[in-house]
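A structural walkthrough
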Number of protein chains: 2
Amino acid sequence: MILDSVRRVFECHGFEEMDTPAIEMWEVLAAKGGEEVERQIYKFQDKGGRWLGLRFDLTVPLARVVASNPDLTKPFKRYCIAKVWRYEEPQSGRFREFVQADIDIVGSPKMEADMECVSTAVDALRGIGLSGFEVKINNRKILEGIVEGLGIDSVKAGRVFRALDRLEKVGAEAVAAEMAGAGLSDSEVERILDLTEFKGNEALDYVKRELAGSKAAMEGLQELEKVLDLAPPFGLSGALEVDFSLVRGLDYYTGPVFEIKAKDAQIGSIGGGGRYDRLIERFGGPPTPATGISLGVERLNEVLAAKIGSGAGGPVVFVANVNESVMADAIRISREIASSGIPSEADIMGRRLGRQLEYAEKRGIPYVLIVGPEELKSGKFKLRDMGRKGEVEVLLGDLPSLLLKK
Amino acid sequence: MILDSVRRVFECHGFEEMDTPAIEMWEVLAAKGGEEVERQIYKFQDKGGRWLGLRFDLTVPLARVVASNPDLTKPFKRYCIAKVWRYEEPQSGRFREFVQADIDIVGSPKMEADMECVSTAVDALRGIGLSGFEVKINNRKILEGIVEGLGIDSVKAGRVFRALDRLEKVGAEAVAAEMAGAGLSDSEVERILDLTEFKGNEALDYVKRELAGSKAAMEGLQELEKVLDLAPPFGLSGALEVDFSLVRGLDYYTGPVFEIKAKDAQIGSIGGGGRYDRLIERFGGPPTPATGISLGVERLNEVLAAKIGSGAGGPVVFVANVNESVMADAIRISREIASSGIPSEADIMGRRLGRQLEYAEKRGIPYVLIVGPEELKSGKFKLRDMGRKGEVEVLLGDLPSLLLKK
């Protein structure tokens, strides 16, 4: 139900569905997400001796496919709702398996493409009843600018970014300790943590003042400002918040990065993503700008379960038979009701009427239509309202309009 | 699009969606489908040294889950549309990965449950535009009766069934040779192949005459006759055809087996299944009758692609801008159109108008709305019909009703 709605919103904004295989050659997955992610990939050999892995996200396989299809019409706007896997310590029969709902735009270098993804993801979340969105934004180029300015090499930089990524979770002290462990001096650590102190316009001013000498940082700043300018047309006025501690775990991001939270949901991020302009090239494709956002479907389910409780969905009518002699008729009637678009189900167990009613009650089916020889002869059936315990007499032909009204 | 429709039909008949993990412990998958299937499972070890495998179907994992949840309300009607994997010889980057659309009913021993699955699967196929269905039916108990009568042991019987399963593909001669290879005498082979010669009522008469001494065969015959009786209420009059050569590859079937073909599709079976009354018990659950049908989604896509060609889906409107100064306005307008339920997309590349129109044409988007400073001032926009190459002037507010009419 939830995913139907998400899918509809994606398609309404011009995204086309395209899935890719779950299994990839190991070389495709290796070294694309970063060390930590690489350790989490389910890796195995097939009977031909090739090393394979299960995809850990939907972006890397997309990049591979796009690289080998350079003639794809651009921008290529795709969506995919599918499983990904990341390994964690084995525990009682559980495997780390997630469903991600991904949207990506391949072929546009413009911030409009990034905002199209963010805004469509937010629309999808609105569509399932969430509200009060906060979108944290940052730009990897600014982070690169600062480590570059400090003369930190790329290996160390990776560790710094991963430490920073955990700021919200573990606090500044732990992050500082991790950076020190990576070989940074106290003043270097301080300068990086300083950056994360400011929010909003103050943050932008800080970068303008402190990182004016860095080409990368200035480019990142410009992109960040453009993203902020685009908030109104994309329906995100007041929702964007600059946060320089936002890194997003994956190594392949090159520019803007995003993280989406819903204020009325008491959990962390429900989605995020960013631009990955160099990933398609790494698979042998031409240089191709690309950006995307991924929503965590299990997270969505949690949020919604907390919001609306369980229930919803399921049949609207249960067609009960008074005895087995009319069981086939009840089945036929139920299938007619279903074919008029009203979810309906009949007994297929040969249970007595009382047990059938119990079953309907247990499953929370709101209406029971009772079929007996008399009813079949007269064409008039009893429709029981399981909530109010009332009964009305109906003609079969009137049932759809009656139920649709209720 | 296709899957949305399939899902809707499943839900309309009271099936609830439930997926299970793609990765299972090896023991769960081993020895459930038969030797050949077992060889096709993707098998690997995790970092804790446990042997795991990717599911080869959706039925075995369901049975495992049901076995460990004995309190589930019965009948439990579930559906699942998801990937399964079977290994084949490695070839240029391809892995054997399928999407199956499964429906199962757990807890009912009645033929009504089997027919509910067959009929719902056929309704799903009707829903996506197929027609002219042929449902082949058989019952494993009849096959068991015949091999039992010949004194063939269960290992040999397995080979006989697998040989028989390939009758349509390889012909009677090859099947006879395979059976001889399994150690059957000429007269035994002949007796088994005899059974497959008859269709319809002749086939039933043959069983009544030749296998009257077998309890299993008589039970199978009774079930088969019940299935045939149920065709009318389940909307399958004239569609069922008894075929004693139908085995269905998997080892876990215990009673009725089915195979669905669409006459207007020039391919083999697009779905099949059967009853597996002993599978849940094998996972430590209580004895629990269960039956199910599985549709091959790739097969469906092939059939539909052949039927309707490509196209369909995709945006209905492309909102073009005359230059970058109004690009943000075009985006805002496109999102408004999309939020009224009409799939719409705007330029996010900063392309010139001519290039935008080319893109809309290439993607087969039927209407282009053109946004410029003049249009924004007057509120009147040009809507270009890309098929007829005509243009009309529209107010934005009129656009949804105008397009919905077209």
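Here the structure is a predicted model, which is why all the values come from computation and not from measurement.

1. Things to note about the interface of chain A and chain B
Across the contact, 74 residues belong to chain A and 74 residues belong to chain B. For the chain A and chain B pair, buried surface summed over both sides reaches about 5,900 Å², with 59% attributable to carbon and sulfur atoms. Seen at the junction of chain A and chain B, the total is 14 salt bridges. Close ionic contact of A:R335 with B:E116 constitutes a salt bridge, the shortest N to O distance being 3.2 Å. Viewed at the interface, chain B and chain A are joined by 30 residue pairs in polar contact (both at pLDDT 80 or more). For the side of chain A that touches chain B, the per-class residue count stands at 30 nonpolar, 16 polar and 28 charged.

2. Remarks on unusual backbone geometry
All names here are of chain A. Each neighbour pair has its own omega, and for K74 with P75 the value is -5 degrees, a cis peptide bond. Residue position: P75 is located in the loop between α4 (59-67) and β5 (76-85). Located in the positive-phi region is A31, a residue other than glycine, with phi close to 65 degrees. Within the secondary structure, A31 sits in the loop between α2 (26-29) and α3 (35-39).

3. A short note on the domain arrangement of chain A
Segmenting chain A into domains produces domain 1 (1-129 + 285-310), domain 2 (132-263) and domain 3 (317-405). Look at where the C-alpha atoms of domain 1 of chain A and domain 3 of chain A centre, and you get two points 43 Å apart.

4. As for the sheet that holds strand β15 (residues 380-385) of chain A
All names here are of chain A. Read from one edge to the other, the open sheet built from 5 strands follows the order β13-β12-β14-β15-β16, with strand pairing classed as mixed. The open sheet has two edge strands with one neighbour each: β13 (344-346) and β16 (390-395). Mean inter-strand twist for the sheet, computed between neighbouring axes without regard to direction, equals 25 degrees. With 5 bridges joining them, strand β12 (residues 317-321) and strand β14 (residues 367-371) adopt parallel strand pairing. Following the sheet pairing, A320 is matched in β14 by I370. In this fold helix α15 (residues 327-339) packs onto β12, β13, β14 and β15, with an angle of close to 165 degrees to the strand it touches most, β12.

Rules of the game
- Residues numbered from 1 in each chain as written.
- Chains lettered and ligands numbered in written order.
- Predicted model: local features only at pLDDT ≥ 70, side-chain atom pairs only at ≥ 80, totals over all residues.
- Heavy atoms only, no water.
- Contact = heavy atoms within 4.5 Å.
- Buried area = accessible area lost by both parts, 1.4 Å probe.
- Salt bridge = Lys/Arg side-chain N within 4 Å of Asp/Glu carboxyl O.
- Polar contact = N/O pair within 3.5 Å; in protein donor to acceptor, adjacent residues only side chain to side chain.
- Nonpolar A, V, L, I, M, F, W, Y, C, P; charged D, E, K, R; others polar.
- Helix = DSSP H or I, 4+ residues; strand = E, 2+ residues; numbered from the N terminus.
- Domains from an automatic or database assignment.
- Pairing = 2+ DSSP bridges.
- Axes fitted to C-alpha atoms, helices over the stretch in contact; angles between N-to-C directions.

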